[in-house]
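Each chain, written out:
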Amino acid sequence: MKEDVQTYMSRNVTRARGTTYHPQSDGQTEVVNRPPPYEALYGQPPPLHLPHMAGDLAMKEVDRSLLTREFKYQLLQYHLQRAQQRMTDQANKHRSDRQFKEGDYVYLKKQPYKHVTLSGTHFSKLSAKYYGPYQILQKVGNVAYKLSMPSQLLLHHTFHVSQLKPCYKLPDTISHPPIIDISSSYCPQPQQILDRRMIQKGNKAVASIGSIG
């Protein structure tokens, strides 16, 4: 055993850790046995389906039974394809193929009441839906773009294509999302904290403070 370990170490073999998303490390493949749902449920692989043609069997009862099974199988396949196509058509109603190039100007869709770094009012849902336009600097991947934005905006400059809207004519002024500047003298400061509680915002717990200001 000791000699085997020494032989193994003398080959300068290094073992790298693998993850679920990257099972291969340094040419070594970590085999993960993941059975299909049918095999996981019934403990055996799914049966092989062989189409049956009329007249293949001499016994009429067996031939009729297999023809009925083949008809039901084709009917299930037909309804499954119809359901998949119906779901695809319904999802594509709210989608559009958008492609931009570097140098194009786009509007940015942002909702201030969903971002902590953006200031909002009691009626922030009625604020502007699109801001900009901003120039595209770089395409990141297949569906994301990096925009040229002011450094005062505490936002990541890379956005998904669904948040962008093409700008066909540059306006005279550019509208930016409202930001919170704590160091500004115009930023209101509370005079007295009355209460503090934890509330749920999305999937996180945040502190809510009641104050006089």
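Below you will find a few notes about this structure. Sequence order sets the numbering: in each chain, residues are counted from 1 along the sequence as written. Owing to the predicted nature of the model, reporting of local features is limited to residues with pLDDT of at least 70; listing and counting of side-chain atom pairs is limited to 80 or more, with chain, interface and lining totals taken over all residues. Side-chain metrics rest on all non-hydrogen atoms present in the structure, leaving aside hydrogens and water.

## Topic: the nonpolar core
Among the nonpolar cores identified, the biggest contains 14 residues, and Phe100, Leu108, Tyr134, Leu147, Met149 and Leu164 are the most heavily contacted of them. The secondary structure listing takes helices from DSSP runs of H or I that are at least 4 residues long and strands from runs of E that are at least 2 residues long, numbered from the N terminus. A total of 3 residues in this core trace back to one element, the largest contributor, which is strand 4 (residues 130-140). In this description, a nonpolar core means a group of buried Ala, Val, Leu, Ile, Met, Phe, Trp, Tyr and Cys residues linked to one another through side-chain atoms lying within 4.5 Å. Partly exposed residues are those whose accessible area sits between 20% and 50% of the maximum for their type, while under 20% is buried and over 50% is exposed, using a 1.4 Å probe and protein chains only.

## Focus: the sheet that holds strand 4
Paired strands are those between which DSSP finds at least two bridges. Reading across the sheet, the 5 strands line up as 6-5-4-3-7 and stay open at both edges, with antiparallel pairing between neighbours. The outermost strands of the open sheet, each flanked by one partner alone, are strand 6 (158-160) and strand 7 (164-166). Between one strand and the next, the sheet's axes are offset by a mean angle of 50°, whatever the strand orientation. Summarising the sheet, strand 3 (residues 105-109) and strand 4 pair through 4 bridges and their orientation is antiparallel. Pairing of Leu108 across the sheet is with Tyr131, part of strand 4. Helix axes use the C-alpha atoms of the stretch in contact, all axes being lines fitted to C-alpha atoms, and the angles between their N-to-C directions lie in the range 0 to 180 degrees.

## Structural notes on unusual backbone geometry
The omega angle of the peptide bond from Gly132 to Pro133 is 10°, so this bond is cis rather than trans. Here Pro133 shows up in strand 4.

## Let's talk about the packing of aromatic side chains
Pairing of aromatic rings covers Phe, Tyr and the six-membered ring of Trp, with a centre-to-centre limit of 6.5 Å; geometry is then stacked below 30 degrees between planes, edge-to-face above 60, and tilted otherwise. A complete count under the given rule lists 2 aromatic pairs for this structure. Where Phe100 meets Tyr145, the ring centres are 5.5 Å apart and the plane angle is 80°; that geometry is what we call edge-to-face. Within this pair, whereas Phe100 is found in the loop between helix 3 (60-92) and strand 3, its partner Tyr145 is found in strand 5 (residues 144-148), the two being separated by 45 residues in sequence. For Phe100, a relative accessible area of 11% gives the class buried. Over the ring of Tyr130 we find Lys165, and its NZ or CZ is 4.9 Å from the ring centre. Any Lys NZ or Arg CZ found within 6 Å of a ring centre and within 35 degrees of that ring's normal is scored as a charge over the ring.

## Some points on the pairing of strand 4
Summarising the sheet, strand 4 and strand 5 pair through 5 bridges and their orientation is antiparallel. Bridged to Gln138 within strand 5 is Lys146. Taking the residues between adjacent antiparallel strands as the criterion, strand 4 and strand 5 are bridged by 3 residues, where Gly141 takes a positive phi near 70°.

By themselves, these observations are geometric and do not establish any function.
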